[in-house]
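Structural features, examined
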Amino acid sequence: MKILPLGVRLLCSWLLFFAYPLHAEHLMQAGSFATNRLSLAEAIELSIQRQPLLQSLDEAAKASRSAAIAEAQLPDPKVKLGIINLPATRQDAFHVDREPMTMTSIGLEQEMVPQAKREAAAHYLNAEARQYETEQLVSQRSIQKAVAIAWLETYAAQRKSALYQQIIDTMQAERKVALGAASAGGNPLSDVLKLDAQLAAARDKSLMAQLEERKARAGLARWLGEDAKRPLSDEMQLYTPQRRAWAAVSPRAELEDNPQLMNARQQEAVAVSDLDRAQLGRLSNWSWEVGYGKRFAGQSDMVTFQVAFDLQTDRAHRQDQRTAEKQLLLERARKLTEDRHRELSAALEAARAEWEIAEAREQEHQQRLIPAADARLKLLEAAYRAGRPNLAEVWQAKRDVLEVQIEHLNILVERQRAAINIAFLLNDEHFFTAQSATGSRP
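Residues numbered from 1 in each chain as written. Predicted model: local features only at pLDDT ≥ 70, side-chain atom pairs only at ≥ 80, totals over all residues. Heavy atoms only, no water.

Observations concerning the overall build of the protein
Our working rule: A run of DSSP states H or I qualifies as a helix once it reaches four residues; a run of E qualifies as a strand once it reaches two. Both are numbered from the N-terminal end. Remark: exposure states derive from per-residue accessible area (1.4 Å probe, protein chains only) relative to the maximum for the residue type, with buried under 20%, exposed over 50%, and partly exposed in between. Contact between two residues is taken to exist if any of their heavy atoms lie within 4.5 Å; hydrogens are not considered. The method behind every accessible area is Shrake-Rupley, applied with a 1.4 Å probe, and residues are considered shielded solely by the protein chains displayed.
Within the protein one finds 10 helices and four strands. Ordered by position in the sequence, the α and β elements of the protein form the string α-α-α-β-β-α-α-α-α-β-β-α-α-α. Residues classed as buried in the protein amount to 35% of the 442 residues present. Residue pairs at least 24 apart in sequence account for 81% of intrachain contacts in the protein once pairs closer than 6 positions are excluded. Taken as a whole, the protein presents about 26,200 Å² of accessible surface, with 56% of it coming from carbon and sulfur.

Considering the confidence of the model for the protein
To keep things clear, this is the line we draw: Every residue carries a pLDDT, the predictor's confidence in it, which falls somewhere between 0 and 100.
Summing up the model confidence of the protein, the mean pLDDT is 86 and the portion of residues at 70 or higher is 87%. Note that pLDDT drops below 50 for residues 1-34; the model gives that stretch six contacts with residues more than four away or on any other chain. Segment residues 435-442 is flagged for pLDDT under 50; beyond a separation of four residues in sequence, or across chains, it makes 27 contacts in the model.

Comments concerning the nonpolar core
Convention followed: Here the nonpolar core consists of buried residues drawn from Ala, Val, Leu, Ile, Met, Phe, Trp, Tyr and Cys, with membership extended through side-chain atoms lying within 4.5 Å.
Of all hydrophobic cores here, the largest spans 42 residues; its most connected members are Trp151, Leu224 and Phe431. Elements with a contribution of two residues or more to this core: helix H2 (40-47), helix H4 (115-183), helix H5 (189-224), helix H8 (319-385), helix H9 (391-426) and helix H10 (429-433). Beyond its immediate chain neighbours, meaning those up to four positions away, leucine 224 contacts Leu38, Ala43, Leu46, Ser47 and Val147. One finds Leu163, Tyr164, Ile167 and Met171 within the second-largest nonpolar core, a separate group that totals 10 residues.

Notes on the pattern of salt bridges
Formally: Every case where a carboxyl oxygen of Asp or Glu lies within 4 Å of a side-chain nitrogen of Lys or Arg is listed as a salt bridge.
Tallied over the entire structure, the rule returns 34 salt bridges. With its nearest N and O atoms 2.9 Å apart, the salt bridge here joins aspartate 274 to arginine 277. Here aspartate 274 and its partner arginine 277 are both found in helix H7 (residues 259-279), three residues apart, which amounts to about one turn of the helix. What makes aspartate 274 buried here is its relative accessible area of 10%. Across the pair lysine 326 and aspartate 274 runs a salt bridge, and its minimum N-O distance is 3.1 Å. Note that lysine 326 is positioned in helix H8 and aspartate 274 in helix H7, a separation of 52 residues in sequence. The buried category is assigned to lysine 326, whose relative accessible area is 16%. Because the salt bridges share partners, they merge into one network encompassing Asp274, Arg277, Arg322, Glu325 and Lys326.

Some thoughts on the packing of H4 against H7
As a reminder, the rule being used: Only the contacting stretch of a helix is used when fitting its axis, a line to C-alpha atoms as for every element, and angles between N-to-C directions run 0 to 180 degrees. Note on terminology: angles under 35 degrees are roughly parallel, angles over 145 are roughly antiparallel, angles of 65 to 115 are roughly perpendicular, and the others are oblique. Here a crossing is called left-handed whenever its near helix is offset anticlockwise from the far helix by less than a right angle, and right-handed whenever the offset is clockwise.
In contact at an axis separation of 9 Å, H4 and H7 are set at 165 degrees when each is read in the N-to-C sense. On the basis of their axis angle, the class for H4 and H7 is roughly antiparallel. Crossing geometry of H4 relative to H7 is assigned as left-handed.

Some details on the sheet that holds strand E3 (residues 286-295)
Rule in force here: Only strands that DSSP links by at least two bridges are regarded as paired with each other.
Across the sheet, four strands lie side by side as E1-E2-E3-E4; this open sheet has antiparallel pairing. The open sheet has two free edges, formed respectively by strand E1 (78-84) and strand E4 (302-309), since each of these has just one partner strand. If you compare each strand with its neighbour and ignore which way they point, the axes differ by 20 degrees on average.

Notes on the packing of aromatic side chains
Just so we agree on the cut-off: The aromatic pairing rule takes the rings of Phe, Tyr and Trp, using the six-membered ring of Trp, and pairs them if the centres are within 6.5 Å, calling planes under 30 degrees apart stacked, those over 60 edge-to-face and the rest tilted. Charge over a ring is defined by NZ of Lys or CZ of Arg lying within 6 Å of the ring centre and within 35 degrees of the ring normal.
Under the criterion given, the structure shown has four aromatic pairs. Where tryptophan 151 meets tyrosine 155, the ring centres are 5.4 Å apart and the plane angle is 5 degrees; that geometry is what we call stacked. Here tryptophan 151 pairs with tyrosine 155, and both are found in helix H4, just four residues apart, close to one helical turn. The exposure classification of tryptophan 151 matches that of tyrosine 155, with both residues buried. Between the aromatic rings of phenylalanine 431 and phenylalanine 432, the centroid separation amounts to 5.1 Å while the plane-to-plane angle is 80 degrees, which identifies the pairing as edge-to-face. We note that phenylalanine 431, like phenylalanine 432, is buried. These aromatic residues form a ring-pair network of at least three members: Tyr239, Phe431 and Phe432. The side chain of arginine 222 reaches across the aromatic face of tryptophan 223, ending 3.8 Å from its centre. Directly above the aromatic system of tyrosine 124 lies the positively charged group of arginine 277, at a separation of 4.1 Å from the ring centroid.

Rendered as structure tokens:
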């Protein structure tokens, strides 16, 4: 046996000494990454953290409230400095001490905006701030809904990809047996070609499932960033909407807490405030001014006091037209609120129909289709063990079981998607804060 030189052995020992901690740390990180799985509840919780869109709406609301404070105040006073009646021609031109009317002046002017107008402007800006807050809630719920749907689609795509791989494995095993039988003259070659076509179709479906997963992951990454790369939890918790006498409660009453409807109503409130502000435009602003004039050449100084008023000489074409404009915009906001109500009511009815049908289909699968497929597979396996040469039927029965599982998964996804839509439409705080553990891995 060849013995390595002492220097080479020391070098290898040194490398192993420093490489082992790094390798161990890498394994620990990999293990932690594998066990730190992303659940649906965590994805929903993470989705609203550090979102620039939500932060921008919060800052817009604060800005409107700050502006409301400023609008409630009187305008800043003005200091006036000047020279009055300074000669501009003849031998006294630009001399301040030749003309008795010449004087330097200093004054103070204050515009007086009626308090009702200032309060109306502040009320409008506060209503606008509340609208930004309702828009923030709409955006928050929309983000959470998008993340929930993306998580659901990622989970479903992963599960379908795994099931399709099992189908591919059974087909490959059957193909080997069929090819051997065809070579021995036992089975026609057409059976192998038929399996090749089925295998290609199964691989195509597997590739499409992988595409769906990558697209859904991209949807998660839009809101979760690096957390979207984490493996998903093995279980999908099925959310069941609260069925408080659906037929007894009108959709209009149920939708009162819907963020989109709340935002529409707040837009109405903004329009009302804007109309009030326009109607108070009939109140005229006025201003006062006081000044002191210093004269020269032994002349007496002067004191000035003036008051000015806005003259609304064409109210029919100015103030009244502004009021008419705001009245029409208010009617528009009310009609948009009613339209949004109808839209949400229709969406709620559709989502409930989807959920109920999906629930009925799932029960059909659980009670009949899945047990029937499993029972058929067990019978064929028992027959094969008893000596009947029906291995191809056994493989086909296995694929039928997997196909039923894929269809059952599709139904669960449809049911969960409908439940997410219902939770979004009803602004179900329970769904968006804590998932109910009423379901398990399909």
